[in-house]
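Now for the letters of each chain:
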Number of protein chains: 2
Amino acid sequence: MFSVFIAQSLDGYIARRDGSIDWLDVVASPGEDYGFAAFYASVDTLVMGRGTYDTALGFPDWPYAGKRVIVLTHRPAESRHGEEFFAGPVTELDALTGRTYVDGGNVIRQFLAANLIDDLTLSIIPILLGDGIRLFEGGIGEHRLVLEEHRAFPTGLVQLRYQAQR
Amino acid sequence: MFSVFIAQSLDGYIARRDGSIDWLDVVASPGEDYGFAAFYASVDTLVMGRGTYDTALGFPDWPYAGKRVIVLTHRPAESRHGEEFFAGPVTELDALTGRTYVDGGNVIRQFLAANLIDDLTLSIIPILLGDGIRLFEGGIGEHRLVLEEHRAFPTGLVQLRYQAQR
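Keep in mind that what you see is a predicted model, and the values were worked out from it rather than measured.

What counts, and at which threshold
Residues numbered from 1 in each chain as written. Chains lettered and ligands numbered in written order. Predicted model: local features only at pLDDT ≥ 70, side-chain atom pairs only at ≥ 80, totals over all residues. Helix = DSSP H or I, 4+ residues; strand = E, 2+ residues; numbered from the N terminus. Rg over C-alpha atoms; globule rule 2.2 N^0.38 Å. Buried ≥ 20, exposed ≤ 12 C-beta atoms within 10 Å, placed from the backbone. Contact = placed C-beta atoms within 7 Å. Least-squares fit on C-alpha atoms with pLDDT ≥ 70 in both. Pairing = 2+ DSSP bridges. Core = buried A, V, L, I, M, F, W, Y, C linked by C-beta atoms within 7 Å. Axes fitted to C-alpha atoms, helices over the stretch in contact; angles between N-to-C directions.

(A) The arrangement of the overall build of chain A in detail. When you go through chain A residue by residue, the secondary structure sums to three helices and eleven strands. When the helices and strands of chain A are listed from N to C terminus, the series reads β-β-α-β-α-β-β-β-α-β-β-β-β-β. The C-alpha atoms of chain A give a radius of gyration of 16 Å, which matches the 15 Å a tight globule of 166 residues would have. With the principal axes as the frame, chain A shows a C-alpha extent of 45 × 40 × 30 Å. The buried share of chain A, taken over its 166 residues, is 36%. A fraction of 71% describes how many contacts in chain A between residues 6 or more apart in sequence connect residues 24 or more apart.

See the structure below:
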């Protein structure tokens, strides 16, 4: 089972052009994580791109302790925390058991293009950015979705959960 | 008061690359217009681009009878139904009274860039198209929004209404 959990502005950006996500502050609310901790607890494996991985390496502590981590990269590195490096087609990851958190715009697009996503939780931030880095850049093909849940929070964040039809 | 009422796919497209909107059929439901008739009844004036206008001219009957119509165009034509042609900056339309329905991707972007939109109703269709014509193409600037209403329909269409901060 492959899952996406991501936030974007109403106009479809997951970050500003320079990568910054300061605008997520408009929905910052003490003690409110919009379901992320529960989602994260439900996943067994994370698949991420090299950029996300390199960022994580810069943290004081390895943030993915207790999870299987697969890094999509053509430049394998030394595994420091049990993480695995994978350079093959993502369809080969279809054999993974449990729930896999597919993270990062590029990685999500690869999985969508391969028709591997089972569910997608999208949090819509009440802001138009006007420019930035998009999640849905095209090239992912057409996918019919089934709305499973929708929820609005006092901050104006709207969270939608869809099931994809594989 | 300037209002937007528009539908897009979850990945942000308002039409396929060739302009077709056949994919809206996934939310077609007898007797369900997702609030459009009530919205349309509430507007006094429509502002549209030349393409929308030319399309309307091709209909057997003029579809905007009873409404003031302003067509943004640099090629004024003969007014056949009282419609007006306007080539100036949209900020000059700020003096319009009543409620104005701002329609069409280009026109909406001009009004957003000029900070003239008061409210925005966005219907999210449960489909990823992967390619097409976007509403939010960039160049509209940054706008903080306030979520005023959210509603999900049995078809999976989610309708969000935001107030823009002018």
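Here the narrative resumes, following the displayed structure.
(B) Layout of the relation of the copies chain A and chain B. The operation relating chain A to chain B is a screw motion whose rotation component is 180°, with 0.0 Å of axial translation and a residual RMSD of 0.0 Å. Accordingly, the operation relating the two chain copies is best matched by a two-fold axis. Residue G12(A) of chain A places its C-alpha closer to the rotation axis than any other residue of that unit, at 3.3 Å. The share of interface residues of chain A whose copies in chain B are also at the interface is 100%, consistent with both copies meeting through the same surface.

(C) Examining the interface of chain A and chain B more closely. Listed by partner, the interface residues are 27 residues for chain A and 27 residues for chain B. Elements supplying a minimum of two residues to the side of chain A that touches chain B: β8 (127-128), β10 (143-152) and β11 (158-164) of chain A. Ranked by the residues each element gives to the side of chain A that touches chain B, the list is headed by β10(A), at seven residues. Relative to strand β8 (residues 127-128) of chain B, β10(A) runs antiparallel, the two sharing two bridges. Paired with R144(A) across the strands is I127(B), a residue of β8(B).

(D) The arrangement of the pairing of β11(A) in detail. Residue and element names in this part refer to chain A. Counted residue by residue, β11 has five buried out of seven residues, so it is predominantly covered. The pairing of β10 with β11 spans seven bridges and is classified as antiparallel. Note that in β11 the partner of E149 across the bridge is R161.

(E) Quick look at the nonpolar core. One finds V102(A), I117(A), V102(B) and I117(B) to be the most contacted residues of the largest nonpolar core, which totals 83 residues. Non-local contacts of I117(B), meaning those with residues more than four positions away in its chain, are made with F2(B), V4(B), V102(B), F111(B), L112(B) and A164(B).

(F) Broad picture of the sheet that holds strand β3 (residues 45-49) of chain B. The nine strands lie next to each other as β8(A)-β10(B)-β11(B)-β7(B)-β1(B)-β6(B)-β3(B)-β4(B)-β5(B), forming an open sheet whose pairing is mixed. At either margin of the open sheet sits one strand with a lone partner, and together these are β8 of chain A together with β5 (84-86) of chain B. In this sheet, strand β6 (residues 100-102) of chain B lies alongside β3(B) in parallel orientation, the contact comprising three bridges. Looking across to β6(B), one finds that V47(B) is bridged to V102(B). Helix-sheet contacts for helix α2 (residues 50-57) of chain B involve β3 and β4 (68-72) of chain B, and the interaxial angle to β3(B) is about 105°. In the packing of helix α3 (residues 105-113) of chain B onto the sheet, contacts are made with β1 (2-9), β3, β4, β6 and β10 (143-152) of chain B, and the angle to β3(B) comes to roughly 110°.

(G) Quick peek at the environment of V158(A). Among the secondary structure elements, V158(A) is positioned in strand β11. By C-beta crowding, V158(A) is classed as buried, having 22 other C-beta atoms within 10 Å. With 46 residues separating them in the primary sequence, V158(A) and L112(A) have C-alpha atoms 22 Å apart. Filtering out sequence-adjacent residues up to four positions away, V158(A) remains in contact with I124(A), H150(A), A152(A), L147(B), H150(B) and L160(B).

(H) Representation of the pairing of strand β7 (residues 119-125) of chain A. One ladder, built from seven bridges, connects strand β1 (residues 2-9) of chain A with β7(A); its direction is parallel. By the bridge assignment for β7(A), V4(A) is matched with L120(A).

(I) Examining the sheet that holds β11(A) more closely. With mixed pairing, nine strands are arranged side by side in an open sheet as β5(A)-β4(A)-β3(A)-β6(A)-β1(A)-β7(A)-β11(A)-β10(A)-β8(B). The open sheet has two edge strands with one neighbour each: β5 (84-86) of chain A together with β8 of chain B. Across the sheet, helix α2 (residues 50-57) of chain A is in contact with β3 (45-49) and β4 (68-72) of chain A; its angle to β3(A) comes to roughly 105°. Of the strands in this sheet, β1, β3, β4, β6 (100-102) and β10 of chain A touch helix α3 (residues 105-113) of chain A, which is tilted by about 110° from β3(A).

(J) Summary view of α3(A). Residues and elements named next belong to chain A. Every buried residue of α3 is accounted for by V107, I108, R109, Q110, F111 and L112. Check the buried side of α3 and you find it contacts β1, β3, β4, β6 and β10. Directly beyond the C-terminal end of α3, a positive phi value near 65° is found at N115.

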